[in-house]
Amino acid sequence: MARPRNEPDVARYADMFSAMGMEPRLRIMRLLLSAHPHGIIAGDVGAELDIPPSTLSHHLDKLKDEELVSVRREGKFYWYSANADALHELLGFLYAELHSQRSN
């Protein structure tokens, strides 16, 4: 069944929330937001949050897969940053009904 033309992609937003739904990933997002817009290298994320590299890689990949995190390579370092546009869109989805209720 196709969704109505103007209905938001609820499944996509659910996946984004699910990606942040683990405590380490939420901590990663908060750290990346604190380093916005420049970002932070992966090793510093792991050191700051005491997350081993293999585990950190898994968490960052999940956040990146849901487009919540962006990554860029500079030399031998990978810089991670929060995707502020995606987060803004996600929060806008949550607040959309509140705003539509207020305008009625």
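Our subject is the structure that appears above.
Residues numbered from 1 in each chain as written. Predicted model: local features only at pLDDT ≥ 70, side-chain atom pairs only at ≥ 80, totals over all residues. Heavy atoms only, no water.

(A) Fine view of the packing of aromatic side chains. As enumerated under the stated definition, the model contains one aromatic pair in all. When the centroid spacing of 4.4 Å and the interplanar angle of 20° are considered together, the rings of Tyr 13 and Phe 93 count as stacked. Here Phe 93 lies in helix α5 (residues 84-102) and Tyr 13 lies in helix α1 (residues 10-19), a separation of 80 residues in the sequence. Exposure remark for Tyr 13: the relative accessible area of 8% places this residue in the buried category. (Phe/Tyr/Trp six-rings, centres within 6.5 Å; stacked < 30°, edge-to-face > 60°. Helix = DSSP H or I, 4+ residues; strand = E, 2+ residues; numbered from the N terminus. Buried < 20%, exposed > 50% of the residue type's maximum accessible area, 1.4 Å probe, protein only.)

(B) Representation of the nonpolar core within the structure. With 23 residues, the main nonpolar core has Met 20, Ile 28, Met 29, Leu 32, Val 45, Leu 63 and Leu 68 as its most contacted residues. Secondary structure elements with two or more residues in this core: α1, α2 (23-34), α3 (42-49), α4 (53-65), β3 (77-82) and α5. If you tally residues by element for this core, the top one is α2, at four residues. Apart from residues no more than four positions distant in its own chain, Met 29 is found in contact with Met 20, Leu 63, Leu 68, Val 69, Ala 82 and Leu 87. (Core = buried A, V, L, I, M, F, W, Y, C linked by side-chain atoms within 4.5 Å. Contact = heavy atoms within 4.5 Å.)

(C) The arrangement of the sheet that holds strand β1 (residues 40-41) in detail. The three strands lie next to each other as β1-β3-β2, forming an open sheet whose pairing is antiparallel. Only two strands of the sheet have a single neighbouring strand rather than two, namely β1 and β2 (69-74). Relative to β3, β2 is paired through six bridges, and the arrangement is antiparallel. Bridging from a neighbouring strand, Val 71 pairs with Tyr 80 of β3. Where α2 meets the sheet, it contacts β1, β2 and β3, and its direction lies at approximately 95° from that of β3. (Pairing = 2+ DSSP bridges. Axes fitted to C-alpha atoms, helices over the stretch in contact; angles between N-to-C directions.)

(D) Structural context of unusual backbone geometry. His 36 connects to Pro 37 through a cis peptide bond whose omega is 5°. When you line up the elements, Pro 37 lands in the loop between α2 and β1. Positive phi, normally seen in glycine, also occurs at Asp 50, with a value near 55°. Assignment of secondary structure puts Asp 50 in the loop between α3 and α4. The backbone phi angle of Glu 67 is positive, close to 65°, even though this residue is not glycine. Along the chain, the position of Glu 67 falls in the loop between α4 and β2. Look at Glu 67 and you get partly exposed, because its relative accessible area is 46%.

(E) Representation of α1. Regarding α1, the residues found buried are Tyr 13, Met 16 and Ala 19. Taken around the axis of α1, the buried residues stretch over an arc of 120°, which confines them to a single face. (Arc of directions from axis to C-beta.)

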